[in-house]
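In case you want the letters, here they are:
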Amino acid sequence: MEKFPLKGTTNLSIASAAGNHPLSADHTTSYQSVASKTSRNSPSADRTVNNSSGGGSGGGGSSSTTTTTSLTHPEPPVGTSVVPVYEADEDGMIDITPSNGGVSNPNYPYATSAYPGGANGGGSAQGSRQDGVGGAASGSGPGGSVGAGGGVGGAGSNHEGGMSSPTHTRFGRDFHHSDHEGISFAGMTDTSDDIPGIGQYDDFHTIDWQRDIARDRMRHRYIVKKRQDSLWDLVKGAHDAWSGWVCVLLVGLFTGCVAGVIDIGASWMTDLKFGICPQAFWLNREQCCWSSNETSFDSGNCSQWYAWSEIFTSSREGFGAYVISYFFYIMWAMLFALLAASLVRMFAPYACGSGIPEIKTILSGFIIRSYLGKWTLIIKSVGIMLSVSAGLSLGKEGPMVHIASCIGNILSYLFPKYGRNEAKKREILSAAAAAGVSVAFGAPIGGVLFSLEEVSYYFPLKTLWRSFFCALIAAFILRSINPFGNEHSVLFYVEYNKPWIFFELVPFIGLGIIGGIIATVFIKANLWWCRFRKYSKLGQYPVTEVLIVTFITAVIAYPNPYTRMNTSELIYLLFSQCGISNQDPLCDYNRNFTDVNSAIEIAAAGPGVYKAVWLLILALAMKLIMTIFTFGMKVPCGLFIPSLALGAITGRVVGIAMEQLAYNYPKIWIFSGECSTGDDCITPGLYAMVGAAAVLGGVTRMTVSLVVIMFELTGGVRYIVPLMAAAMASKWVGDALGRQGIYDAHIALNGYPFLDSKDEFQHTTLAADVMQPKRNETLAVITQDSMTVDDIETLLKETEHNGYPVVVSKENQYLVGFVLRRDVNLALANARRMIDGITGQSLVIFTSAQPVQNLGPSPLKLKKILDMAPITVTDQTPMETVVDMFRKLGLRQTLVTHNGRLLGVITKKDVLRAQ
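Residues numbered from 1 in each chain as written. Predicted model: local features only at pLDDT ≥ 70, side-chain atom pairs only at ≥ 80, totals over all residues. Heavy atoms only, no water.

A. Structural detail: the state of the cysteines. Applying the stated rule across the entire model yields two disulfides. Residue pairing for cysteine 277: its cysteine sulfur links by disulfide to cysteine 288, the two sulfurs lying 2.0 Å apart. Looking along the S-S bond of the cysteine 277-cysteine 288 disulfide, the torsion reads about 80°, which is the right-handed sense. Here cysteine 277, found in the loop between strand E5 (275-276) and helix H5 (285-290), pairs with cysteine 288, found in helix H5; they are 11 residues apart in sequence, far enough to count as distant. For the residue pair cysteine 277 and cysteine 288, the accessibility class agrees, reading buried in each case. In this model cysteine 578 forms its disulfide with cysteine 587; the gap between the sulfur atoms is 2.0 Å. On the sign convention where negative is left-handed, the bridge of cysteine 578 and cysteine 587, at about -80° about the S-S bond, is left-handed. For cysteine 587, a relative accessible area of 15% gives the class buried. Free cysteine: cysteine 247, not disulfide-bonded; nearest cysteine sulfur from cysteine 470 at 8.5 Å. Of the residues examined, cysteine 247 reaches a relative accessible area of 0% and is grouped as buried. (Disulfide = S-S within 2.5 Å. Helix = DSSP H or I, 4+ residues; strand = E, 2+ residues; numbered from the N terminus. Buried < 20%, exposed > 50% of the residue type's maximum accessible area, 1.4 Å probe, protein only.)

Structure below.
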């Protein structure tokens, strides 16, 4: 008899199987039957070569030869039973077959060794792998219990003569020969040779992180092993190692280009609402005026640029001109909105909204097919230009994350390592999300932190470096395109040079509190409206809703100059300092600029400033109300820009109030003498920036990434402390008034299966309380060798479950493994198509043992789709532990057992319900 090696090459003794096993920490001994060894001088353990057609469903029906080591016993007289001898070998492997005189205990899930004479010349105990792991001995003893298949090994081994293995691996032969590390998860490797589609997922299902990561490890080991064979394999290995970096490089390049196109298109179409450049209609107002020789022009109206009123009435002022401008503003807005809504409705329904809630859900391991597809990418890119130009209260920054993720998803299919493996693909998507924020704000480090803090679920260190690289490339490309013509990749880049006074922390924290309150009002109102939209007639008329909201927005927005202008321009105006060149009423101070070089002195606010403050307060109310109705409509719409605008308005108003206080009372102690020199010691623009950060932090509940994005946006490194204070204050206030940020709230509203790692699990329940079925219902299971094809098809028709536990028999519910509904369906369809002699009466067998030859049709072997190492918990496990396992291992389901017997299943949905 061949030795079952435990040292040296094989790492698959049970102890090390646990070490190589991706789930090792939890289940070192999930039902491994120890390969039974009878007496050492037992007769020749000869090898029988048995032809099984590909383990039940061979590719094209070709029968591949596997060599099993069968321990053939001399046939004992009928009625007697062989009692095995316990003995420790020099390898230290002890046989643990029960020696109860062959009477098999029905509650003992491992192989009983009663060998009554009969078919096959005596029951055969088959070692299913040459390295001796998982030998399942089947003997039909009185109890009729058939051995549970080994915990870790695949079926078939020691492949001789270049035969392809019918087990899990496409590269079975060389793989099992030298490094016996193949741990068989169902569908763990690309078994596309035998059953097409196994290892993939259906729409709206959760991915199995553990299985996918294990598949990738096996693929990687195989490539590393082959590397020595030839130069071509070495090149393939190098390509595999580089492919992740190449993929994120391409994602960064494309994201930067798309972002540049969107920025240029949106700014041109926004200006189209006001007028046109007759010499070259493709230029926006600013570019049109570059060609003019005039040295100064008031608020961008140079002679080259014609407002619509000029074209029709040849005058800019007057009542008629105002009416015509008003009419064109509304008309263009309606046209753009109609186009955006219709495109989304006809071609890509998934292109609406911001996309960040769905990206969070997808990155947590949920499958939403075509959410990141090419049509979504095209329509989202065009739609976001249209809806921003329509003057709706929305931004293009959130959708940039969605657009970048679409690019990441499409490009990942160029690299099978990522395209075919959902868990690996999530690494590319995390990097793409970082690139999206990087181009939206010109903030590469902020993008990486945003991906880490806000959207990603599984973020290993390797992904951090790749995200950094991807964000860097994207920002570099956008900077080269220079869409705004101001040497910066964002519209509102400002630089401050004044230090802040220590006392100013008080108004900054006050702004944080106000920001948290505004954000909570917004989130609660927006959720109420979205729920109303979802459950009322309104949801059936998405395009009409968009047009009505656009019409109201345009009508209200035009009279107020601060809402009429593009939101990004408004933010830039609120952030900027008042200098000599500023002509806006916001800077209408009683100053006389006699000496250009002297510091700007502090001055009393003129009437223009008071008027501007009233207009800004009106704009704040209007923007808040319109954003509540806009966010969640069926057009692409982001939330960053409106939140920043709300906060910037609040901050600027507070800043002007502080400035006037310092002007009127320069000597009081709170200004600690800083303002007594007459210089302008308070910067209202800085307050606008802090307020913007406060509202955005309250709405999204970002903290770290938000502060980094804000100081990358504005180049104000010395203002990190005010920003941090405001962001923390707004997060605390927001958390106190309402639990969820806007994205988590929308995930909950849409019912996506997202397990938030930040949530605490309150109840003290046990696994038995949460599992399905409840105590008195029956559990849908598949038995390992007593159900026919018809039985299984009936079970699939009558139940909706996504997977079924495989047990020893209906009476003995001892767990053998777990099999996915999709895999069973594919395997049955494939068998009917490919294998002759499979009928409804064929037995379906999930063990590697040879069935007793009966006169019926040939059996169907499905061991290769069986996951023999499912994650299990006992019924007394606290739910906190179960929830942690779901979060940290990314499980789809876990099986609940009691004393080794199967009780029920806990799926991700049960966990979400329990929460």
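Okay, back to it.
B. Representation of helix H8 (residues 356-363) in the model. In terms of residue burial, H8 counts as a mostly covered element, since eight of its eight residues are buried. When H8 is considered as a whole, its buried residues turn out to be Ile356, Pro357, Glu358, Ile359, Lys360, Thr361, Ile362 and Leu363. For H8, the elements touching its buried residues are helix H3 (209-226), helix H10 (397-412), helix H12 (422-441), helix H13 (444-455), helix H20 (640-664) and helix H24 (742-750). (Contact = heavy atoms within 4.5 Å.)

C. Layout of the confidence of the model for the protein. Confidence in the prediction for the protein averages 79 pLDDT; 75% of positions are at 70 or higher. Considering only residues more than four positions removed or in separate chains, one finds that residues 1-193, a stretch of pLDDT under 50, has 373 contacts. (pLDDT = per-residue confidence, 0-100.)

D. Representation of the sheet that holds strand E8 (residues 787-788) within the structure. With mixed pairing, three strands are arranged side by side in an open sheet as E8-E11-E12. Of all strands in the sheet, those with a lone pairing partner are E8 and strand E12 (860-861), marking the two edges. Relative to E12, strand E11 (residues 843-845) runs parallel, the two being bridged by two bridges. If you follow isoleucine 845 over to E12, its bridge partner there is lysine 861. (Pairing = 2+ DSSP bridges.)

E. Layout of the pattern of salt bridges. Under the definition given, this model contains 24 salt bridges. A salt bridge links aspartate 240 to lysine 417, with the nearest nitrogen and oxygen atoms 4.0 Å apart. Of the two residues, aspartate 240 sits in helix H4 (residues 231-272) while lysine 417 sits in helix H11 (residues 416-419), which places them 177 residues apart along the sequence. Of the two residues, aspartate 240 and lysine 417, both sit in the buried class. A salt bridge links aspartate 735 to arginine 701, with the shortest nitrogen-to-oxygen separation between them at 2.9 Å. One end of the pair, aspartate 735, is in helix H23 (residues 720-737); the other, arginine 701, is in the loop between helix H21 (684-700) and helix H22 (704-714), and 34 residues separate them in sequence. With relative accessibility at 28%, the residue aspartate 735 sits in the partly exposed group. Overlapping salt bridges bring together Asp216, Arg219, Asp240, Lys417, Lys424, Glu427 and Arg466 as one network. (Salt bridge = Lys/Arg side-chain N within 4 Å of Asp/Glu carboxyl O.)

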